[in-house]
Amino acid sequence: MLDHFNIQVDNPVSVLTQEMSKLFLQTKNEGDKYKFFMKATQLEQMKEDYSFIGKTKKNTRLQIEQGEERLEELKQLYLEKKETFKSIAFVNDMQNRLKDLKHQMAWAVVSEMEKEVELLKEGVRAEEGNTELLQKVEEYQEKVNEAEKKYKAIQDKLITVSEEAQALHPQCISLKAEVQAKGKEVKEAEIVYNRSKMELKRLEKDREQLHKRIEELKSCANEVSEPEKLERQRRIAYLREQLKAFHDEEIMIGQQLVQFQQAISKCREDHSRLRRESSEVQQALDAQQKQLRDLKDSKTNALKRFGPYVPAFLEAVEVAHKQGQFRKKPVGPLGALIHPKDPELILAIECCLKSLLQAFCCDNYSDERTLQSLASKYYPRGHRPQIIVQKFQNKIYDTSQRAVHHPEFPTVLTALEIENPVVANCLIDMRSIETVLLIKDSRRAREVMQCNRPPRNCREAFTADGDQVFERRYYSSSFVRPKFLSQDVEAEISHLNKEIENKRAQLTASQQRLHSIENEIRQNEDHLYGHRRTQKQLQAKIRTANAEIADLENVEEHQSVNIHCLQDEAEENKGRMESVKQDMQLQSRKMEELKNNLQAAEKKLEEVKEKIHQVDEVAGPIKAELSQAESEVENSKRRLQHYEDKQREHVACINKHKDLLVSKEKELEEKTAKARQIFSEPIRVSRTVKSLDAEMNRLREKINLENSHHGNKEEIIQQFQYAKERYEDASNKVKNLRRFIAALDEVMAERLKVYRQFLRSLSMRCKLHFEHLLRVRGFSGHIMFDHKNETLSITVQPREEEKAARSDLRSLSGGERSFSTVCFILSLWNISESPFRCMDEFDVYMDMVNRRIAIDMILERADFQPYRQFILFTPLSMSSLPTSPLIHILRMPDPPRDQSALTFQNRNDGDEDQ
């Protein structure tokens, strides 16, 4: 009943006596307060249960360990008895079995030999029926023929286009010269025409002035003395001569101005060209200086030849490999792993391998992606190395069938010392270095490759200067010195220093030439400006002379002789004007004709330039197409050679298997004859010879052992049954205990987690309720829980000591301490479960204010919990309580002296207890 109704008789929260409350308030030990809290919330019982379960689990584990040790002993005993039991029961069976195994052994040998022969036959048939390699050979032979036809057609097309372009270049040069000559003739004709035009303008002005002067002389009535007339005529003649000299000087200065302008234009063109050349020289100088720095760095670390970032990148690859990011460590740069045998062929080898010297090789695509990610961190953008994916092998390819064998010249493969087979195989696959000859002399290379048929399997050759020689083509190298493989670094540095000095001298000379051209341009501009000033001064003098002539001619002359002279002069001027006009018409027609010729020549030149441009546009894609076709031819030939080698290997393998099949068939006949001697009828056996032999040896040993150690059969059977029962019983017990411990561990882990959550929840609820109840009275305080050290501390600050520090319960007055106790008990009520609450003399030490507040708080709590019963004992009056059907007050009268028993009288008989 107590468990069903959750009645906790010894729980101080359900039944709190005055003595228990006093002990609780007067205790100094915070651990005792914590135990009070644990007991009031029944957490103490839970903790003890968990502790008991833990001890039980520990004891159970010890029992399991002991049981496992005992179980192993029982198992050994059981197995020994079992073997003894089997040995006495099956000795005869083992002997019969041994005889059968001998028969099976004889025919098992034959069966295995037949299977081996059949597998060989099937293998030979399968290999003979496999025509895939033959089809591949035919397929790539067709591809080689098609690629060669395509290459030949493109080459012929390119030759035709190149011949057309070469034929147009002389015509273009001659047309340029013709255009320049005709342009010069047009300019000369324009100068002559402009002179005649200026002369005509001058004559027209003279005609007007003469006409005006004649009219003035005719109308003038004043007489002029003869000396004055003569003086005027002499002055006019002098001025006219001077004016003619001015005109001639002006024409000459105009021609000089044109020459100075042409000279300035030419100097500016030369200046622009020299600046471009200086910029190119400066770029080459910068590149050579960077190469010199790399060479100097490579004296301490040869890997820096392949780039200043290569050593750090290789260290990162090594670290990644140690961390297991690569399945197989990548190899590279390939140029650092090869060594030329002949220093004179280093440039040829570099021109052949090119970017492969800086490439890396990976075993698989996963390693390739990892290496790409690392390279992006160390290599600048646009300079990342080529990464080749190829299965790593520990053996260099056999190139004896497809390599070039020349008695005088080596191939790239034989000219290199390569220790790593992966590097050699990679260069063979990517560049076919076994088919490239190295010939030092270019003339000898042309003889070998072009004058006669190239050596067998030879695709191309390289000279010591790096020139590339094909059967029908020859390409000059743009490289002068090796960059990566040079063995004499000091010599390379010295040579590079000389080249840098030459470049600097060339750059200095270009700068000096630029300076001199700039000075020449400034001088010509100064001369141009000076001649323009002189031209303006001449024009001013011409205007002044014309004005003075006009003034002199305006003087009145009445002599008819002067008028006749002027008239004669006017007629002469008119004749000159007609002559000039005729000359101008001739010069204009000539100039128009020259301009038309110039335009025609320029048009022809533009047409030729356009044709050359069109030919170049056509030749560019043809060259790219030719290069692609050449690559296709080489790839197809390499593939064809590969499949031809595979086909030859395939045929050799078939012949080898056939020879092996003949010898196996003879051996099979011998084995079959021996098997018939042992057992005449053939036996179908599914087991192997090895397993049968092992079983026969085991049976012989057992039979011998049983024959020598044969005991009491009944006793052996009885001991076997007893050992089996003990072993199975102990095994079941150990298994059940293991399952129980596993289930208990899982349940206890979950329960302990819930227990800790429950403990924190109850602690927080108790603390919040306690602080809330203290604030009803104007008090403040708090409860501090330390679950790790299992301590509980309570501090309370009364209202009249607001500025004082918080105090322990023992420093409070009796009423305050009782009130604080009530608040704590009410807090515990809120977090504990019980059908009734009982408190004894809770208000003895309270003053009336604290007592009233405490009773109101208890009644309020009881009103919120109508399904629980609250029992309060007090010696003080309860008349202040309100009348309510939920409140039942029992008063105890003073007992008489002779009374031996107590009686109770109800105040409200109809009320029910709460």
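The shown structure was predicted, so the numbers you read here are calculated from the model rather than taken from an experiment.

About the criteria used
Residues numbered from 1 in each chain as written. Predicted model: local features only at pLDDT ≥ 70, side-chain atom pairs only at ≥ 80, totals over all residues. Heavy atoms only, no water. Helix = DSSP H or I, 4+ residues; strand = E, 2+ residues; numbered from the N terminus. Buried < 20%, exposed > 50% of the residue type's maximum accessible area, 1.4 Å probe, protein only. Contact = heavy atoms within 4.5 Å. Areas by Shrake-Rupley, 256 points an atom, 1.4 Å probe, with all protein chains shown as cover. Pairing = 2+ DSSP bridges. Salt bridge = Lys/Arg side-chain N within 4 Å of Asp/Glu carboxyl O. Phe/Tyr/Trp six-rings, centres within 6.5 Å; stacked < 30°, edge-to-face > 60°. Lys NZ or Arg CZ within 6 Å of the ring centre and 35° of its normal. Core = buried A, V, L, I, M, F, W, Y, C linked by side-chain atoms within 4.5 Å. Patch = residues over 30% accessible without salt bridge, like charges linked within 9 Å, V, L, I, M, F, W, Y side chains within 5 Å. Lys, Arg positive; Asp, Glu negative; His and termini not counted. Charge placed at Lys NZ, Arg CZ, Asp CG, Glu CD. Axes fitted to C-alpha atoms, helices over the stretch in contact; angles between N-to-C directions. Left-handed = near helix turned anticlockwise from the far one by under 90°. Nonpolar A, V, L, I, M, F, W, Y, C, P; charged D, E, K, R; others polar.

Undergrad: So what's going on with the overall build of the protein? Which residues, and what values?
TA: Helix and strand counts for the protein come out as 17 helices and 15 strands. Residues classed as buried in the protein amount to 38% of the 914 residues present. Of the contacts made within the protein by residues no fewer than 6 positions apart, 79% connect residues no fewer than 24 positions apart. Here the protein has roughly 56,200 Å² of accessible surface; of this, 50% comes from carbon and sulfur atoms.

Undergrad: Tell me what's going on with the pairing of strand β10 (residues 780–786), and back it up with residues and numbers.
TA: Sheet topology note: the β10/strand β11 (residues 791–797) ladder contains 7 bridges and is antiparallel. When the bridges of β11 are listed, F785 appears paired with L792. Taking the residues that link successive antiparallel strands as the turn, the β10-β11 hairpin has 4 residues, and the phi of E790 there is positive, at about 60°.

Undergrad: Which residues make up unusual backbone geometry, and what are the values?
TA: Leaving glycine aside, a negative phi is the common case for residues, and trans is the common case for peptide bonds. Between G332 and the following residue, P333, the backbone shows a cis peptide bond with an omega angle of -10°. Within the secondary structure layout, P333 lies in the loop between α7 (310–322) and β2 (338–340). Of note, the phi angle at K354 is positive, near 50°, even though the residue is not glycine. We classify K354 as exposed; its relative accessible area is 52%. Positive phi, close to 70°, is recorded for N457, a residue that is not glycine. Checked against the element boundaries, N457 lands in the loop between α11 (442–451) and β7 (460–462).

Undergrad: Explain the pattern of salt bridges to me, and be specific about the residues and the numbers.
TA: Overall, the coordinates contain 19 salt bridges when judged by the stated rule. For K266, the salt bridge identified is with D270, shortest N-O distance 3.4 Å. With a gap of 4 residues between them, K266 and D270 both fall in helix α6 (residues 226–298), about one helical turn apart. By relative accessible area, which is 16% here, D270 ends up buried. Between R268 and E525 there is a salt bridge, with its nearest N and O atoms 2.7 Å apart. Placement of the pair is R268 in helix α6 and E525 in helix α12 (residues 489–553), with a sequence separation of 257 residues. Assessed through its relative accessible area of 46%, R268 is described here as partly exposed. Note on E525: relative accessible area 19%, which makes it buried. Each of E408, D441, R443, R444 and E447 takes part in salt bridges that share partners, so that together they form one network.

Undergrad: I'd like a rundown of the environment of T60, residues and numbers included.
TA: Within the secondary structure, T60 sits in helix α3 (residues 43–89). The sequence separation of T60 and L737 amounts to 677 residues, and the corresponding C-alpha distance is 7.4 Å. Each residue touching T60, except ones within four places of it in the same chain, is listed here: L737 and I741.

Undergrad: Account for the pairing of strand β12 (residues 836–840), with residues named and values stated.
TA: Among the 5 residues of β12, 4 are classified as buried, and the element is accordingly described as predominantly covered. Direction of pairing for β12 relative to strand β13 (residues 869–873): parallel, over a ladder of 5 bridges. If you follow R837 over to β13, its bridge partner there is F870.

Undergrad: Report on the packing of aromatic side chains, specifying residues and quantitative values.
TA: All chains considered together, the criterion is met by 4 aromatic pairs. Taking 5.2 Å as the distance between ring centres and 80° as the angle between the ring planes, the aromatic pair formed by F313 and Y379 counts as edge-to-face. In this pair, F313 is assigned in helix α7 and Y379 in the loop between α9 (365–378) and β4 (387–389), connecting sequence segments 66 residues apart. Each member of the pair, F313 together with Y379, is buried. Chaining the aromatic ring pairs together yields one cluster made of F313, F360, Y378 and Y379. The lysine or arginine in question, R446, covers the ring of Y474, its NZ or CZ lying 3.8 Å from the ring centre. In this structure, R473 is placed above the aromatic ring of F470, and the distance from its NZ or CZ to the ring centre is 4.3 Å.

Undergrad: I'd like a description of the sheet that holds β7, backed by residues and values.
TA: Across the sheet, 4 strands lie side by side as β6-β7-β8-β9; this open sheet has mixed pairing. Sheet topology places β6 (436–438) and β9 (474–475) at the edges, where each strand pairs with a single neighbour. Looking at chain direction, β6 and β7 are connected through 3 bridges and run parallel. Bridge pairing in β7 places L437 opposite A461.

Undergrad: Would you mind going over the nonpolar core in detail, with residue names and values included?
TA: Among the nonpolar cores identified, the biggest contains 49 residues, and F313, I338, L353, L371, L427 and L438 are the most heavily contacted of them. When residues in this core are grouped by element, the largest group, 7 residues, is from helix α8 (residues 346–353). Contacts of L353, omitting those with residues within four sequence positions, involve I338, L427, R431 and I433. By size, the runner-up hydrophobic cluster in this structure holds 38 residues, among which are A40, L826, I858 and A862.

Undergrad: If you had to explain a negative patch on the surface to someone new, which residues and values would you point to?
TA: Taken together, the side chains of E602, E606, E610, D616 and E617 define an acidic patch exposed on the protein surface. Along the chain, the position of E602 falls in helix α13 (residues 560–678).

Undergrad: Describe in detail α8, supporting the description with residues and values.
TA: Taken across its 8 residues, α8 has 8 buried, putting it largely inside the fold. Inspection of α8 places I346, L347, A348, I349, E350, C351, C352 and L353 among the buried residues, and these make up the whole buried set. In this structure, the buried residues of α8 make contact with β2, β5 (416–418), α10 (421–431), β6 and β7. One or two positions beyond α8, positive phi appears at K354, with a value near 50°.

Undergrad: Report on the packing of α7 against α9, specifying residues and quantitative values.
TA: Two numbers describe how α7 lies on α9: the axes approach to 10 Å, and their chain directions differ by 145°. α9 is crossed by α7, and the crossing has right-handed handedness. Where α7 abuts α9, its residues A312, F313, A316, V317 and A320 lie against L371, L374, A375 and Y378. Among the residues making up the contact of α7 with α9, the classes are represented as 9 nonpolar, no polar and no charged.

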